[in-house]
Amino acid sequence: MHRSKLTKCVVVRRDILVSINGKAITIKRVREYITIEGFFANGFVLLIASTLSVVIRGILLQYSNYIIWEQNIRLKGSLQTIIYDKSLRLTTSAPPETSCGVGDIANRVFVDTDNLQSMMVNIHNVWSIPVQVTIALLLLFNEMGVSAMIGASIMLAIFPIQMMLARVSIFFQKRAMRFSDERLKSINEVIQGMKLIKLLGWEDLFYKIITKCRNLQVGMLRRQTVITSIIIPLGFVSPSFVALLTFSIYSLVEGKSLTPDVAFTAIPLIQNLSAPLLLLQPTINQVVGGFVSLKRIEKFLESPEIEKHDVGRSNKDTFSTLVTKKVLVNDKNRMDKDDENQENVTFGNEALAESSYGSFTPGTGKKPLPKSILKSTLPTDIVLRVRNASFKWDIDSSETILRNINFEIPRGRLTIIVGEVGSGKSSVLSAIMGEMYTVDGGLKWNSPFSSIAYSGQEAWLRNASVKDNIVFNSEYDTLRYQQVISSCALIPDIQILPAGSMTEIGEKGINLSGGQRQRISVARALYSDNQVVLLDDPMSALDVHVGAHVFENGIKRWLIGSKRTVILVTHQLQYLPFADQIIVLKNGQVQLQGTFEEVASQDKMLYENWKKTMKEISETETEDEEDSKTKLERRKLKIQLKMAKRKRIVSTGASGKDQDVGMQELGDDTRSGLIEKEERNTGSVDKRTYLYYFQMVGFLITGVCLLSFALETFFSIYSNVWLSLYTQKSVDSANKTQEQIDSELDTFLQGYAGFIMGAAVMTMISSVLSLNGLLTASNLVHRQMLNAILHAYMRFFDTTPTGRILNRFSSDMQVLDQKMMNILPFHTRMVMLVTGGLIVNAIISYIFVAPIIPIAITYYFLLKYYLSASRDSKRIESITRSPVYSHFGETINGLSSVRAFQEQVPFLQSLVAKIDHNSTILLYQQVLTLWLSVRLSTVGSLIIFSSGIATLIPGSMGYLDASSVGLAITYAISMSTYLSVIVQRMAQIETLMNAIERSQVWTNLSTEPQGGNALPSPQWPHSGEISIDNMSVRYAPGLDTILQDVTINIKPGQKVGICGRTGSGKSSLTLALFRIIDTFRGRIVIDDIDIATIPLNQLRQRLAIIPQDPVLFTGTIRFNLDPDSLYSDKELWEALEIAQMKNVVAELGAGLNSPVFEGGDNFSVGQRQLLCLARAFLIKTKVLVMDEATASIDIKTDAVLQEVVRHVFKDRTVLTIAHRVSTILDSDIIVVLSDGKVIEYDSPDRLLQRNSEFASLVRSDKQQSK
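Residues numbered from 1 in each chain as written. Predicted model: local features only at pLDDT ≥ 70, side-chain atom pairs only at ≥ 80, totals over all residues. Heavy atoms only, no water.

Trainee: For this particular structure, what's the right way to read the pairing of strand E15 (residues 1078–1086)?
Mentor: Both faces of the sheet carry side chains from a regular strand, because those side chains alternate between them. Here 7 bridges tie strand E12 (residues 1026–1034) to E15, and the two strands are oriented antiparallel to one another. Paired with Ser 1032 across the two strands is Arg 1081, which belongs to E15. The pairing of E15 with strand E16 (residues 1089–1090) spans 2 bridges and is classified as antiparallel. Pairing of Val 1085 across the sheet is with Asp 1090, part of E16. Counting the residues between successive antiparallel strands, the hairpin from E15 to E16 contains 2 residues, one of them, Asp 1087, with a positive phi of roughly 50°. (Pairing = 2+ DSSP bridges. Helix = DSSP H or I, 4+ residues; strand = E, 2+ residues; numbered from the N terminus.)

Trainee: Would you mind showing me how to read the sheet that holds E12 here?
Mentor: Remark on secondary structure: sheet strands pair via backbone hydrogen bonds, oriented parallel or antiparallel. Read across the open sheet, the 4 strands follow the order E13-E12-E15-E16; overall the sheet is antiparallel. Across the chains shown, the open sheet's two edge strands, defined by having one partner strand only, are strand E13 (1041–1050) and E16.

Trainee: Explain the packing of helix H14 (residues 478–487) against helix H16 (residues 514–527) to me, please; I cannot follow it from the model alone.
Mentor: When two helices pack together, their arrangement is given by the angle between the helix axes and by the axis-to-axis distance. At a minimum axis separation of 9 Å, H14 and H16 run at an interaxial angle of 140°. When the axis of H14 is compared with that of H16, the two are oblique. Considering the relative orientation of H14 and H16, their crossing is right-handed. On H16, the residues touching Arg 480, Tyr 481, Val 484 and Ser 487 of H14 are Ala 523, Leu 526 and Tyr 527. Each residue belonging to the contact of H14 with H16 can be placed in one class, and the counts come to 5 nonpolar, 1 polar and 1 charged. (Axes fitted to C-alpha atoms, helices over the stretch in contact; angles between N-to-C directions. Parallel < 35°, antiparallel > 145°, perpendicular 65-115°, else oblique. Left-handed = near helix turned anticlockwise from the far one by under 90°. Contact = heavy atoms within 4.5 Å. Nonpolar A, V, L, I, M, F, W, Y, C, P; charged D, E, K, R; others polar.)

Trainee: Explanation requested: the nonpolar core in the structure shown.
Mentor: Counting 201 residues, the largest nonpolar core has Ile 470 and Trp 610 as the members making the most contacts within it. Beyond its immediate sequence surroundings of up to four residues, Trp 610 is in contact with Val 418, Leu 573, Leu 576, Ile 582, Val 584, Phe 596 and Val 599. Residues Ala 266, Leu 280, Ile 284 and Ile 855 belong to the second largest nonpolar core, which totals 60 residues. (Core = buried A, V, L, I, M, F, W, Y, C linked by side-chain atoms within 4.5 Å. Buried < 20%, exposed > 50% of the residue type's maximum accessible area, 1.4 Å probe, protein only.)

Trainee: Is there a simple way to explain the side chain of Ser 87 in this structure?
Mentor: In this structure, Ser 87 sits in helix H3 (residues 43–87). Ser 87 gets classed as buried once you look at its relative accessible area, which sits at 0%. A distance of 2.9 Å separates a polar atom in the side chain of Ser 87 from the backbone oxygen of Ile 83. Excluding its chain neighbours within four sequence positions, the residues that come into contact with Ser 87 are Ile 105, Phe 300, Phe 888, Ile 892, Leu 895 and Arg 899. (Polar contact = N/O pair within 3.5 Å; in protein donor to acceptor, adjacent residues only side chain to side chain.)

Trainee: Even after reading the chapter, I still don't get the pattern of salt bridges, so can you show me in this structure?
Mentor: Close approach of charged atoms lets side chains of opposite charge pair. Scanning all chains against the criterion turns up 29 salt bridges. When the shortest N-O distance is used, the salt bridge between Lys 556 and Glu 552 registers 3.2 Å. Taken together, the residues span about one helical turn, with Lys 556 and Glu 552 both in helix H17 (residues 544–559) at a distance of 4 residues. Its relative accessible area of 22% is what places Glu 552 among the partly exposed residues. With a closest N to O distance of 3.5 Å, Glu 552 and Arg 557 form a salt bridge. Beyond isolated ion pairs, a larger network of salt bridges with shared partners links Asp 85, Lys 86, Arg 89 and Glu 305. (Salt bridge = Lys/Arg side-chain N within 4 Å of Asp/Glu carboxyl O.)

Structure representation (structure tokens):
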């Protein structure tokens, strides 16, 4: 902006100099004394002064830009931190229209903050453009009088049009961002539920859903490009129309001829009107985008939050307090060493240190209490009292989830909450943690004992080491750690890991089994020194013997033995006799409460049902202690080593030598990671990347665009050449008649108007073609990348964090959608203008070519030197952005856990550290650009100097006429500015091409072979016969074998139970049926057709599976059951009735059209599992796989479902994997797996009659049942 103002003054003085010097040369040839005024009127003196002014201006301008960028980067980091702080307080179950998932927040954090940053960089143009235009108009008035003002009136007519178009652009921008939010939300849901999507063959379905959102977004962007295509010609061509009108009336109004000194003094001034108007279009775009993003962030900050009515439990982690007390860790807010020993920073009413309550003595549970033990109104033996309390999830909803709840939680005791699916068990824990809204009554904590540790029903793990997940920001104690992992049966698992406890686990623990994830989550709660431990059905994901071990050693001995309070939600009724208090829920109300004996006396029938169920469990599901020790751990060790190898955890072997269990923390870091590092190219961007991008644009469109840019430049330049020819003729107007003068003026005006109109038309055509071509390329890249990711191997999602994927679809796509569209056409236009200017100067004075060659070489080496650092800094910036995404995603997915542990401070500090890292790289990147700009302004001044010398000397000698000199210097001045802009834009395009480069890599991901041309009949599979012949499988080519030489023959309609120890390969067998993993030897034949010959989607859609992890998607119940609308309402209701969910759905009001929130958060885990059952019932197939499908369902509902399944699926082949061995006892065939091999294959009766592995799984342990 400052560049334009300074340039105007220099231009005027040089042009006036040329004309004055020209007159002096031709008229004045007398010797005079040199006065100060005369000295500065000398052309060569002014040339040197103007050259120096360009250098000084460049230094000052770039320093001001440095200040602007530094402050804007701080602004961006601050906004990201504020958004994160808001995320920490969001309600976890808002309706879809007000909820903010990971995708929504990702857009706010990066796209919206980027837009605000761009707006603030250009915001000064809002006031500087009117100032520049005013100064140019005053100078133009001084030179051409009233005619200049009349011509400039065109600007007054154009400006309101531009403002009106800007408002329309804002509307389209808002709509586009809204569709972008929906797109990212869908992509995030797809990533989270990718395994289910592949099992159901829904890749193409979600490709259409996401592409529909993308098409709606692109539709809005195309409308915006139409507006931009009108604004650009107005900015570029309007000065030419000003010149046309001004020159047309100049002779008439002023009564003077239009001479070269007047024309080529006016042209630069009119161009100075053009410069700010050219800036106006990108400024409008950036300001529009910024205000839209500002409103979106403002709306996000107004999203519903959790209430803060926990009486007796302070909400200590407020952002304002953190800022005030300088707890945030960054360069400016870092606490000094002297402050480290200061008094504890207080949060609310308590000190941070006080709220942590010290730490347990390992194994004893004793801990120092804070001084504030003091003023609680509850007895010391009561931790929590709930009186007449009613709660709901949505503050605006009329549905109350929990009604009139009354209970007390005794301190240091075990309270077990039981009830049927959907009775409100998990909701009670959420209410205790303050996650629900209080309608009536309330709960009150005993403050000294109010700290919470929480393990959810769905285990939440971070992308960190095993140790970090368990210790979870607490003080590390070796003995305590070993006791905790022993209590949670984690020793065998940690032993086989390559770096022991320091082994990194994947995001959300995706590389671990469900049971391993759950035990690590429980271990976190045990390791914490918080007083109250909430456990939401952790046993559901554990085998019976492991669950018994965790209950006995983890809950009874470690927690209750340490006098900590435990609230356990469970469906495992065998643990009820050990409870100090039992709370029975039904339909959101407390039905019964008291000790086991008290509940038994209050409801004899319920007690008898419990007794019967517990007897069945004890007779079928407990394991002999003799077998559960050494044999089990050795077996696990071998199995887990194979799993570690196949997932590329280790590069050599296992590392479990004579070290303390799990304490191999100084091992080789290269062995500790599961998540692959993000790819980073080095060196210049491959030319094939540019070729790929232009291929996406379309080579024909690219060629037509370049031609239209060339024609636009030709018309623009030749209009000034036409002006030069006319003004040279007008110098000799004294010797012409008025008729000749009028004829020449008419000819000039007609030609000048023609060239201007040609330039205007070509500008619009080039703008429309280029913007739409680039948007088409962006859309094609998005489609290719989405298609590749949806069809990638599951291993890709095991090793790639969600944040990294979202980074590609948000920030990188924003580069293609907006930044490239703003930069590339402008850059092409500048290149054409500079090329034209060079040609004009070379034609006028060939001497100009001599100095321009070394200047061009200097430009080349400057650019080459700069790009080597700039593109790598951009790559590093992109890579450092992904951890910020991942941190946001982890926090949102584990929001309840973070708040329960009150770990907001460490999480906020961790985010600030990641943002600081990213911001530092971003600042370096901008400083590199400013470094280049200073040097370019210096070299650019040499162009002005060279052109001045090349024209002044011949002009002074009479070899050049004044109009040619004016034309040459006009373009030299333009070139000095344009060349600097071109080099910067080239560097910027090179760095932005990293987004294309990164996206191109993901368009070429290894994808699952779709293989097979055999299209089965519509009735296939018609009987359900399955023959597995000598099959060996692995997770991907090059990895170790996980199932070896498996041979099984299953007759039509048989019910097959598949069992085995943890890691034996049960789930891998089912994955092989769906071709999720690679079958490299042998084959699977279903109803006489080898499944390898069937198209992949056809295969997966012809089979049905009920997965272990219940997944629902945002939408309606109807969409989740029948996304392709293949079934009638009657069939949907029948499926819900079979799944025991008909009444629940009917009570929702909208029935099948009732909303499902993101992740199915408005349903309990058990209800989600039942809905997944209903979905499987709808698929009319002869083969059904149930992968531990009833793990989160209470015993009573499970028994009903098993009976329904036996009836509904009596003529279907059913393969069942279950933790509860009782659910497969009535199977026709039992398959027992061990170490990836089939070790037993027979009927249950025969296996139980001999000393089999299956018999050991169902052997009674009477002592445990008691």
